[in-house]
Amino acid sequence: MITKIEEVDGKYVATLEGEMDTAAAVEAEEVLKPLYTSDGKDVVIDCSGLEYIASSGLRILLSILKGAKAAGSKVVMRGVNDDIKNVFKLTGFISIFEFE
């Protein structure tokens, strides 16, 4: 699992690649923790390289969303494949996240 954060055009862009299973989610959470307080900047989560996400990964994304909303920012999910989008549908997360 590869996880990184960059600042691009005044937004935070988090890139997720590989499989975010339970073990990888622990490591990914450490990298993504700064996004829990987005400092008023919008957050883009690039999932174009994400192949799998476990419930622990969904929890991390939800924490990022809660922190961003509290700071007046938005979170956009980018490049989500059909399998991952189906997980969002099954969990009801499809209605609380914005996709592009």
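The rules behind each value
- Residues numbered from 1 in each chain as written.
- Predicted model: local features only at pLDDT ≥ 70, side-chain atom pairs only at ≥ 80, totals over all residues.
- Heavy atoms only, no water.
- Helix = DSSP H or I, 4+ residues; strand = E, 2+ residues; numbered from the N terminus.
- Buried < 20%, exposed > 50% of the residue type's maximum accessible area, 1.4 Å probe, protein only.
- Lys, Arg positive; Asp, Glu negative; His and termini not counted.
- Charge placed at Lys NZ, Arg CZ, Asp CG, Glu CD.
- Salt bridge = Lys/Arg side-chain N within 4 Å of Asp/Glu carboxyl O.
- Core = buried A, V, L, I, M, F, W, Y, C linked by side-chain atoms within 4.5 Å.
- Contact = heavy atoms within 4.5 Å.
- Pairing = 2+ DSSP bridges.
- Right-handed = clockwise from strand over helix to strand, strands pointing away.

Trainee: Before we go on, may I ask you to explain the overall build of the protein chain in this structure?
Mentor: Assigned secondary structure in the protein chain consists of three helices and five strands. Going from N to C terminus, the protein chain has its helices and strands arranged as β-β-α-β-α-β-α-β. Dimensions along the principal axes, computed over C-alpha positions, put the protein chain at roughly 30 × 25 × 20 Å. Buried residues in the protein chain amount to 41% of all 100 residues. Charge-centre separation for the protein chain: the mean point of 11 positive side chains lies 7 Å from the mean point of 17 negative side chains.

Trainee: When you look at the pattern of salt bridges in this model, what are you seeing that I'm missing?
Mentor: Two side chains of opposite charge can pair, provided their charged atoms sit close to one another. Inspection of the entire model under this criterion finds five salt bridges. The residue Glu7 makes a salt bridge to Lys41 at a minimum N-O spacing of 2.7 Å. With Glu7 in strand 1 (residues 2-8) and Lys41 in the loop between helix 1 (22-32) and strand 3 (43-53), the pair connects residues that are 34 residues apart, well separated along the chain. Exposure remark for Glu7: the relative accessible area of 48% places this residue in the partly exposed category.

Trainee: When you look at the nonpolar core in this model, what are you seeing that I'm missing?
Mentor: Across soluble globular proteins, nonpolar side chains have a tendency to be buried as a group. Ile45, Leu61, Ile64, Val75 and Met77 are the most contacted members of the largest nonpolar core, which totals 26 residues. At the level of elements, strand 2 (11-20), helix 1, strand 3, helix 2 (55-70), strand 4 (75-78) and helix 3 (82-91) are the ones that each hand at least two residues to this core. When residues of this core are assigned to their parent elements, the largest contribution, six residues, is made by helix 2. Discounting residues that sit within four places of it in the chain, Ile45 has contacts with Ala14, Leu16, Leu61, Ile64, Val75, Val76, Met77 and Arg78.

Trainee: Help me out: how do you make sense of the side chain of Ser73 in this one?
Mentor: By the secondary structure assignment, Ser73 is in the loop between helix 2 and strand 4. When near neighbours in sequence (up to four residues on either side) are disregarded, Ser73 contacts Ser38, Gly40, Lys41, Asp42 and Ala68.

Trainee: Before we go on, may I ask you to explain the pairing of strand 4 in this structure?
Mentor: Consecutive residues of a regular strand have side chains that alternate between opposite faces of the sheet. Pairing of strand 3 with strand 4, which is carried by four bridges, proceeds in the parallel orientation. In the strand pairing of strand 4, Ile45 is matched with Met77. What joins strand 3 to strand 4 is helix 2, and the crossover it makes is right-handed. For strand 4 and strand 5 (residues 98-99), the ladder comprises two bridges, and the chain directions are parallel.

By themselves, these observations are geometric and do not establish any function.
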